[in-house]
Amino acid sequence: MSTIRGARERARIEVTAAIKDEARKQLAEEGAAKLSLRAVARELGMVSSALYRYFPSRDDLLTALIVDAFDAIGEVAEGAAEDTAEAAERAGTVPPVDRWVAVACAVREWGLAHPHEYALIYGSPVPGYIAPMDTVGPASRVGLVFIDIVRAAFRADALDVPPLAPGLGADAERMAADFAPGVPPGAVAALVAAWAQLFGLISFELFGQFNRVVEAREPLFRQAAGELARSVGLRGVVTA
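Just so we're clear, the structure is a prediction, and the values are computed from it rather than from any experiment.

1. Overview of the side chain of Gln26
One can find Gln26 in helix α1 (residues 2-30). Ignoring anything within four residues of it in the chain, the contact list for Gln26 reads Gly31, Lys34, Leu35, Ser36, Ala39 and Val40.

2. A closer look at helix α2 (residues 37-44)
If you check which residues of α2 are buried, you get Leu37, Ala39, Val40 and Ala41. N-cap assignment for α2: the residue whose side-chain oxygen lies 3.3 Å from the backbone N of Arg38 is Ser36. Immediately beyond the C-terminal end of α2, within one or two residues, lies Gly45, with a positive phi of roughly 75°.

3. Some remarks on the pattern of salt bridges
Under the counting rule described, the total for this entry stands at 12 salt bridges. We note a salt bridge from Asp171 to Arg174, for which the minimum N-O separation is 2.9 Å. Note that Asp171 and Arg174 are positioned in helix α8 (residues 169-179) at a spacing of 3 residues, about one turn of the helix. According to the relative accessible area criterion, Asp171 is partly exposed, its value standing at 35%. Beyond isolated ion pairs, a larger network of salt bridges with shared partners links Lys20, Asp21, Arg24, Asp68 and Glu117.

4. Examining unusual backbone geometry
Its identity is not glycine, yet Asp157 carries a phi of approximately 60°, on the positive side. Positive phi outside glycine occurs at Arg212, with the angle close to 60°. Among the secondary structure elements, Arg212 is positioned in the loop between α9 (185-206) and α10 (217-232). Residue class for Arg212 comes out exposed when judged on its relative accessible area of 80%.

Here is what the cut-offs are and how they apply
Residues numbered from 1 in each chain as written. Predicted model: local features only at pLDDT ≥ 70, side-chain atom pairs only at ≥ 80, totals over all residues. Heavy atoms only, no water. Helix = DSSP H or I, 4+ residues; strand = E, 2+ residues; numbered from the N terminus. Contact = heavy atoms within 4.5 Å. Buried < 20%, exposed > 50% of the residue type's maximum accessible area, 1.4 Å probe, protein only. Polar contact = N/O pair within 3.5 Å; in protein donor to acceptor, adjacent residues only side chain to side chain. Salt bridge = Lys/Arg side-chain N within 4 Å of Asp/Glu carboxyl O.

Pasting the structure below:
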């Protein structure tokens, strides 16, 4: 009985993966707004009623793709942070700015390699789709990596906490309490602004705003990422 159940589970995993792969092809060809369960089923040679057993609605399928994309980019960010931690063990230290830039560059590289998935999670909202709470944890992974870098710098007395603009104190304190405990409110406010600007740079590159404007895009991004790290209060210059 367990053998039959195991075979069924493997088959379900394989069919689910095939549905997602076909849906990603549709994202690349038509965009998220035109994602269609019927079209996915047709391309896979399935009847629609069979596909609905895996994803009851288009929104369920979208959510699965969004969670996968957030988890993928989050894994890349976490991997880059782990690599810098290992480098610090070998070399004795890695400047906080270098850690920040390494993670930022890894995120950019993932975006360039997966433009349609990046657009799904950081592009224009899909009309009629409201992301459920299931997406919150995966969506937080990249931000938490940057928060950990800033928190570690603060604990190591390697953070120059930026001043808060008038009227921003209550918001900054709330954000620090909600998702960045152990980080001064001034640094949290600056971090949120820097995080948004990093993704703005990636989006400009991916969506063509740098065309015929910037050719040396990687050096520009590295320089900007370093400047944003220093705006948060991280000390040092980019050395790698």
